[in-house]
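Structure assessment
Next come the chains, spelled out residue by residue.
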Amino acid sequence: MTSALRPCPKCGAAIPADAPEGGCPGCLLESGLGPRRDASVTICDLSAAATAWAKADDGGSAENVQANAAAAARLRKKPAHAAEMLGELGDYELLEEVGRGGQGVVYRARQESLNRTVALKVISLGQWASEAHLKRFRREAEAAASLDHPGIVPIYEVGKRDGSCYFSMRFVEGGQLDEVIKRSPISLRHAAQLIARLAHTVHYAHEHGILHRDIKPGNILLDGEGEALLTDFGLARLLETDSTMTRTMEIMGTPSYMAPEQAAGNNAAVSPATDVYGLGAVLYQLLTGHPPFAGGTTYETIKLVLDSKPRRPRLCNRKIDRDLSTICLKCLEKDSKRRYSSALALAQDLEHWLKHKPILARRTGIFTRACKWVRRNPTSALLVASLIALAAAMGWNVWKSELISRPAPKGIAVLPFENLSHDPDNAYFTEGMEEEILTRLASIANLKVISRSSTQQYQNKPRNLSQIAKQLGVANVLEGSVQKAANQVRVNVQLIDAQTNSHLWAESYDRKLTDIFAVQTQIAREVADALQVNLTTREKETLAVKPTNNLEAYDAYLRGLALEARFYSAYSADLVRKVTGFYERAVQLDPMFALAWARLSRADAVLYFNQSDDNPAVRRDAAKRALENAQKLEQDSPETLLALGYYQYWVLRDYPSAKTTFARVIKMLPSSSEVLHALARVTRREGRWDQSIVYSEQALALDPRNVELTTNAAWTRAMLRQFPAALGLCDRALDVKPYDPDVMALKARIYQAQGNLQEAASFLSEITELTPNDDTFVIKITQLRLERKYGEAIRLLQARLAQFHFPSQDDKGRDQATLTLMQRLADDMSGARVTAAHAHDTLVQLPNDAFIVVNLCQVYAAMGEKDAALTEAERAIMILPRAKDAVKGSSSEEILAFVQAMFGENRHAISTLTQLLQTPYSSWLYGPAPITPALLRLDPIWDPLRADPAFQKLCEEKQP
Amino acid sequence: MVPAEDEVTPLTAIGGNAHHGPVAFTTTHWSVVLEAQRESPAAQEALEKLCRTYWRPIYGFVRRQGAEAEDAEDLTQGFFALLLERKDLNTVRKEKGRLRSYLLTSVKHFLADESRHAMAVKRGKGQRLIPLDDIRERERVDVERSDRLTADQIYERRWAFTVLEQVMARMRDEYRSAGNVRFFDQMKKMLMDEPDRPSQAQIASEFDMTENAVKQAFYRFRQRYQTLLREEISHTVAMPGDIEDELRHLIAVVRA
C-alpha cells in the first residue's frame, strides 16, 4: 500500500498519497451531500451506511449513533445556522445532527410540546430502507422502551411520520466512554466500578428478556456526574423472538468487541454470555487502553477474535492487578460456557475485587490452555465463513432477501482464481490451473460444475458469493489464488457454502512445479470429500491422471487453454490459430500428450468448419492427424471422444455419428454443459428442433450465464421464428455481457425479420467497417438494404474492403459479392461490374463449398448472368441439401428463389418462397433467421415480384 | 483585499439554495451527449470535453490490465478516438445514464476485442486527441497502488479523484479571475484541514478582514465548493436526480 501522508483530522481515515490536493477524498465528497434539504421527510442518506462500513473496516464502530453527541458536534464544524436548515419532524424541531449509524441519524432536537431537549433517532429512508429494515428499527425501539433503569438511556417516544420512523430518548450531555477516556484515562478501580455498574444494568435487561449484543465503548455514555449509561440497543433482540429476520441474522456489531459466536455468525449461540463478553472487552479497553483484538481491517480483526487469545492485560500494563486481569480474561473466554454464568456474576466478582475479597474466577491452567490450542486450529474454516457473513451483513437487506428466497441446488462454481504472481504474464498459468481443476471436478458424475465461460465474468470483480451462487444456481463456490515464481507454485483454495456462508474447506499448497498435477488432483478430491460426493473407482483414476511429464509441454498447453477461453463468446480465427500454435508446441515437446492432441484436433476442426483458411484441406488433415494421435494414446478418454465428436460434426458434417459420440461423452461427463451444447447444435443440424431445444435448456440449466450457449439457444428460436423467445434469450446474454455487438446484431436481425427496422437500427449503431465479426457486419448491411440506403451501404462495404483485415478470404469474397449486389440495386452498373470481377477472382480460388457457391451465385445474378446464376444456385442445393443440413440447407433454396425472382420466373420463385415460409432454417441472405413476410415486404431484392398478386398474398401473411 | 468575499449574504438563503438548488441541468455535457441522437456538433464537443477530463481513470484501467505505459497511452488515445467517431450513443440508457459506467463498459468491451484493440493501438499511435498530461509523473503513484486494487477499483477511484481535481481547478480559476489566488490557497487549506492551515485570525490579519468576515468567507467557500462538486457530477449523469446517487457511489468508492 502507498504510504499515507497523514490521517484525516475529520474522519481519521488515512489520506492516500495520490489524493487530489492532499485532501481527504471521502470527506471532500461527503461535504457535497451537505445537510438535508427537508429533514421532515427526506432523511435518506446512504452515506450513513457508507460511513458506517468505512468505520467498521477500520475496526471501529459500525453503529455509533446517539452517543456521538458532543464529539460529533465538535468535529463536524457545522455551519452556524445549521438548525435553520434541518427543519422539523412532528413535535420535534431538529437542532443538529449529532450522530450517524448503520440504521439512522441522531439529532439533538427540541420537543415543542414538552419544551425539552431530546436525542431523536430517525431511521434512514431511501433505497436502503426495506420492510425488514423498518421492522428492525421498530423492534429496537420497542425493546429499549420497555426498559426502565437508571443505567439505560430512556426512550421517550416511538413514532412514525411521513414514512420515517423515529424515536426520542434522553439527551445525555457528556460523551461516549471512548471519547472520555481518551482525554483522561481512568483508574483501575474506577474501571472496575464502572463495569460492575454496567454489568448490573445489563443483568437487568437480561432479566427482561433483552440482550444488548453490541456492548462497546461507543455505546456507553457518561453523563455530567460521570455515571455510565447504556444506549443504542441497535442489535438488541427480544430473547424469545425468532422471526425470519433474526434467523437470517446479520452480524453487525463492532468486531473488536464482538464475541466469537457473533463473529462466526452463529446466531443460535448468542446468549447473555455474549453480553458478558462485551463487558469484558470494554473492561479490557479500560485497563489496557486498547480493545482485546484490533487488526488493521475487519477481516484481520475477526480472524483475531476467532483465533487468538487476548494478550494478558498484565503484559500491557504491569500495574494491572492479577485478579482483575483474571476477571477480564474470564469474560473473554472463546467458549461461552467458560465465561461468567451471568452479567450479575461478573458484577459480583468485580465487587469482590473492589472489596479486596477473593475472586471466584480462576486463572487458566496448563490443561485449559492446551484445550484452547486444540480448539484454535479448526477455526480457520470458521473464520472465512464468518468474514463472508460479515461482508454480506454489510449489505444486509439485499443479501438477506436473496438468502431467503430459494435454496440453490447442489453444485459448484469455480470462480476465476486470482493471479498473485508478480509477473502478469503468468495469468495464463492461473487460468490454466483453474480450468484444470474445473475439468477434474466436471468428471465427477454427482457434481454439477458450472463451466468456465459462465464464471469468467466474475473476474476482477468484487464478489457477493451468495448472489453469484444464486445467479449460477449452485450452492458451493470454490475460490482460489495462484502464485508462480520460477519453479515454485503456491495455490490457495477455499470451498464455501454460499448459502450459509460457511467455509467447508480451505488449503494452501506450496509445491514445486513438478507436483502441480498432484495438487490439482488433491484439490478435486478434497472438494468432492467436503461436498460428500462419493467417487467411483473410475472417477478416482480420472482425477489422478497426470497428462504429461514434460512441464514445458504442459506450460504451452496451459497457454493454449487460457487463450481458448477468450473465444468462448466470440469466435476469432486469428485467436484460434494462436491457440493451435500453443497446442502444436505442446505435442512437439511431448508427443505422448493425449490431451493436447485432442485439444489441437478440436481447434483445427473449428477453423475448418468456419472456413477460416485459404487452404482448408491442410486444416482438415491436421485435425484428423491430431485426432488419430489422441486416439492412439487414449482411445476412450472423454477428451479424445470429444475431439472425435467435433471432428464428425465440424469436419465430416456427419451429424448422426457426432450425435452418437457426444451421447457417449455425456454419460462420462453428465454435468458438462459443453457436451449438451454440442448435442443441441448437432440435433439442430439434423432438424430435430424439439430435441435441440431440450438439450439447450438442459445446458442452460447447468450453465445459466454462458453467453455462447444463450446466444446459440436464441439462434435456434430465431430459426424457428419464435422471435419473442429469441429476443428474451438475447437479453439474457446481454445481461451477462452488455453491449456485445454480436448479440446486439442478432437482436437487430430478429427485429428485421419482424419488420421493425427502427428498433433494429438502434442495435446496429456500433457496427462499423471494422467490426470483427463478418456475420454481424452483414446484418448491418442488410439493414441498410432494407432501408434502401444503398449509398451508405456501398460506402460502408467499400471502407471495409479497403481497411479491414479479413481473417479469411471467404468473408472478403462475401463482402465483395454483397457490394456487387448493392451497386446493382443502386443502378451503378459500372461499379458493379468492377466489383463483380474482384468478387469472382476471390471466390473462384476458394473450395467449392455451399457458402462460396451461394456468393458466386449472387455475383452472377447481380451481373444479369441468368444461366450461371441458376447453375450455381442448384449446385449449392446439391452440395448442402435440406435433408443433409436443416440449418443451412434450405437457405440455398432461398438463393434459388432470389435468382428466379430476379429473372422473372415469378411462379417458381413464389412457390419456393411459400415453402420456405413454412420451414425453419438459417439464411445466407439475412443471417441466422429465415425469411418472413415482413422481409418479403421490405427487401428490394423481391421488388421484381411485387406486382404479382400471389406474392402480395405471401407478404400479407400474418406470421411475423 | 477581498471585496467580493467580505460581502455578507444571508446564510439561510445560501443554505436553502446554494447546493441543493436546481443545477442548470440542460446544459451539462453528458445530458447534451445523451439527448442528441446523432451527429450534433454540440454533443460531439461535449463528449470531447468529457473525454479530456476523464481520461485518467481509463488510462489507469488500461494500465492495470497489464499494458505497458506506452501501449496504454496508445490504447487510451485509440479508445477515445473510436468513441468520438462513433457519433451516437443510443445504447447508453442501459448503464443508467452514467458517463462513468458507460466509459468503463465501453473500455472493457474495447479491450476485450482483440482486433479492434490492435487497430486502436495503431490508430492511437501518435494521435493526441486527448492530452494525457503529466502521465509519467503520476504514473509511479498509480502503479504502486495498483498491486492491491483491481482494474475496476483503480478506475472508480481515479474517477472520484478526477471529479475532485476538476472541482478544485474550477474553484481556483474562479478565484484567480477575481485576483484572489492567495486567498483561495488559504481557504483551500482550511477546507482540506491541512496541517499547516492558517488560523482564522491569521487570515483575518493577512487580508485585513474581521475574523467574522473570514468565517463567513470560508462558509461561502465551502458552499461554492459543494455547488461545484454537484455541478461537476451533474456533468456525468443523465438526470438531476442521479447526482446524489452518483456522489454516494463515489464516497463508497473512496471509503472502501
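Residues numbered from 1 in each chain as written. Chains lettered and ligands numbered in written order. Predicted model: local features only at pLDDT ≥ 70, side-chain atom pairs only at ≥ 80, totals over all residues.

What follows concerns the overall build of chain A. Scanning chain A from N- to C-terminus turns up 44 helices and 18 strands. In chain A, buried positions account for 54% of the 960 residues. Here the analysis covers contacts within chain A between residues at least 6 apart in sequence; of these, 64% occur between residues at least 24 apart. (Helix = DSSP H or I, 4+ residues; strand = E, 2+ residues; numbered from the N terminus. Buried ≥ 20, exposed ≤ 12 C-beta atoms within 10 Å, placed from the backbone. Contact = placed C-beta atoms within 7 Å.)

Moving on, we get to the overall build of chain B. The helix and strand tally for chain B stands at 14 helices and zero strands. For chain B, the N- to C-terminal ordering of α and β elements is α-α-α-α-α-α-α-α-α-α-α-α-α-α. Sequence-distant contacts, at least 24 apart, represent 72% of the contacts inside chain B between residues at least 6 apart.

Residue and element names in this part refer to chain A. Extensive coverage of strand β17 (residues 488–497) is indicated by the burial of seven of its 10 residues. Sheet topology note: the strand β16 (residues 476–485)/β17 ladder contains 10 bridges and is antiparallel. What sits directly across from Val482, in β17, is Val491. From the end of β16 to the start of β17, which pair antiparallel, there are two residues, and Ala486 there has a positive phi angle of about 50 degrees. Sheet analysis places β17 next to strand β18 (residues 502–512), joined by 10 bridges and oriented antiparallel. Of the residues in β18, the one forming a bridge with Gln494 is Ala506. Where β17 folds back onto β18 in an antiparallel hairpin, the turn is made up of four residues, including Asn501, whose phi is positive at roughly 60 degrees. (Pairing = 2+ DSSP bridges.)

On to the environment of Glu564 of chain A, then. Its location among the elements puts Glu564 of chain A in helix α23 (residues 551–564). Separated by 16 residues in the primary sequence, Glu564 of chain A and Thr580 of chain A place their C-alpha atoms 9.3 Å from one another.

The next subject is helix α28 (residues 655–668) of chain A. Residues and elements named next belong to chain A. When the terminal C-alpha atoms of α28 are compared, their 20 Å separation across 14 residues agrees well with the 20 Å that a helix rising 1.5 Å per residue should span. Among the residues making up α28, those that are buried are Tyr655, Ala658, Lys659, Thr661, Phe662, Val665 and Met668. Buried positions along α28 lie against α27 (638–651) and α29 (673–685). (Expected span 1.5 Å × (residues − 1).)

Let us look at the nonpolar core. Residue and element names in this part refer to chain A. By size, the foremost hydrophobic cluster in this structure holds 182 residues, and its most contacted members are Ile412, Ala413, Leu441, Tyr557, Ala596 and Cys857. If we skip the residues at most four places from it in the chain, Tyr557 touches Phe582, Tyr583, Ala586, Phe593 and Ala596. Core analysis: the second largest hydrophobic core is formed by 72 residues, Ala109, Leu198, Val305 and Cys331 among them. (Core = buried A, V, L, I, M, F, W, Y, C linked by C-beta atoms within 7 Å.)

In this section: the confidence of the model for chain A. All names here are of chain A. Chain-level statistics for chain A give a pLDDT mean of 78 and a share of 81% at 70 or above. Every residue in residues 235–253 scores below 50 in pLDDT, and together they form 51 contacts with partners more than four places removed in sequence or on other chains. Within the model, pLDDT remains below 50 along residues 364–409, and this stretch shows 72 contacts once partners closer than five positions in the same chain are excluded. (pLDDT = per-residue confidence, 0-100.)

For the rest of this paragraph, the subject is the sheet that holds strand β11 (residues 220–222) of chain A. Working definition: the strands of a sheet are paired by backbone hydrogen bonds and lie parallel or antiparallel to each other. Residue and element names in this part refer to chain A. Spatially, the three strands line up as an open sheet ordered β9-β11-β12, and their pairing is antiparallel. Sheet topology places β9 (175–176) and β12 (228–230) at the edges, where each strand pairs with a single neighbour. Judged from the two bridges that link them, β9 and β11 form a sheet pairing that is antiparallel. Bridging across to β11, Gln176 finds its partner in Leu221. Seen against the sheet, helix α7 (residues 188–207) touches β11 and β12 and runs at an angle of roughly 35 degrees to β12. (Axes fitted to C-alpha atoms, helices over the stretch in contact; angles between N-to-C directions.)

Attention shifts here to the pairing of β16 of chain A. All names here are of chain A. With seven of 10 residues buried, β16 is to be regarded as a mostly interior element. Two elements, strand β14 (residues 412–414) and β16, share three bridges in a ladder whose sense is parallel. What sits directly across from Ala413, in β16, is Val477.

A separate point is the packing of helix α25 (residues 594–609) of chain A against helix α26 (residues 616–633) of chain A. Residues and elements named next belong to chain A. Running from N to C, α25 and α26 cross one another at 155 degrees; their axes reach a closest spacing of 8 Å. In terms of orientation, α25 and α26 fall into the roughly antiparallel class. As for how α25 packs across α26, the hand of that crossing is left-handed. For the pair formed by α25 and α26, the contact residues are Ala594, Trp597, Ala598, Leu600, Ser601, Asp604, Ala605, Leu607 and Tyr608 on the first element and Pro616, Arg619, Arg620, Ala622, Ala623, Ala626, Leu627, Asn629, Ala630 and Leu633 on the second. Classifying every residue of the contact of α25 with α26 by side-chain character gives 14 nonpolar, two polar and three charged. (Parallel < 35°, antiparallel > 145°, perpendicular 65-115°, else oblique. Left-handed = near helix turned anticlockwise from the far one by under 90°. Nonpolar A, V, L, I, M, F, W, Y, C, P; charged D, E, K, R; others polar.)

For any two helices packed against each other, the geometry is given by the interaxial angle and the distance between the axes. All names here are of chain A. The geometry of helix α13 (residues 322–331) relative to helix α14 (residues 343–354) is characterised by a closest axis approach of 10 Å and an angle of 170 degrees between their N-to-C directions. Comparing their axes, α14 and α13 come out roughly antiparallel. For the pair formed by α13 and α14, the contact residues are Asp323, Leu324, Ile327 and Cys331 on the first element and Leu346, Asp349, Leu350 and Trp353 on the second.

Since the α-helix packs 3.6 residues into each turn, any two residues three or four apart lie on the same face. Residue and element names in this part refer to chain A. For α26, with 18 residues, the first-to-last C-alpha span of 26 Å sits near the 26 Å given by 1.5 Å per residue. Residues of α26 that are buried include every one of Pro616, Arg619, Arg620, Ala622, Ala623, Ala626, Leu627, Asn629 and Ala630, and no others. Close packing links the buried residues of α26 with α25 and α27.

A few words now on the environment of Thr912 of chain A. Structurally, Thr912 of chain A is set in helix α42 (residues 906–916). Aside from chain neighbours lying at most four places away, what touches Thr912 of chain A is Glu893, Leu896, Ala897 and Gln900 of chain A.

Moving on: the environment of Ala837 of chain A. One can find Ala837 of chain A in helix α38 (residues 829–844). The exposure class assigned to Ala837 of chain A is partly exposed, which follows from the 14 C-beta atoms found within 10 Å.

Residue and element names in this part refer to chain A. The backbone phi angle of Glu21 is positive, close to 60 degrees, even though this residue is not glycine. Here Glu21 is to be found in the loop between β2 (14–15) and α1 (25–30). For Arg721, which is not a glycine, the phi torsion comes out positive at approximately 60 degrees. Mapped onto the elements of the fold, Arg721 is located in the loop between α31 (707–719) and α32 (723–736).

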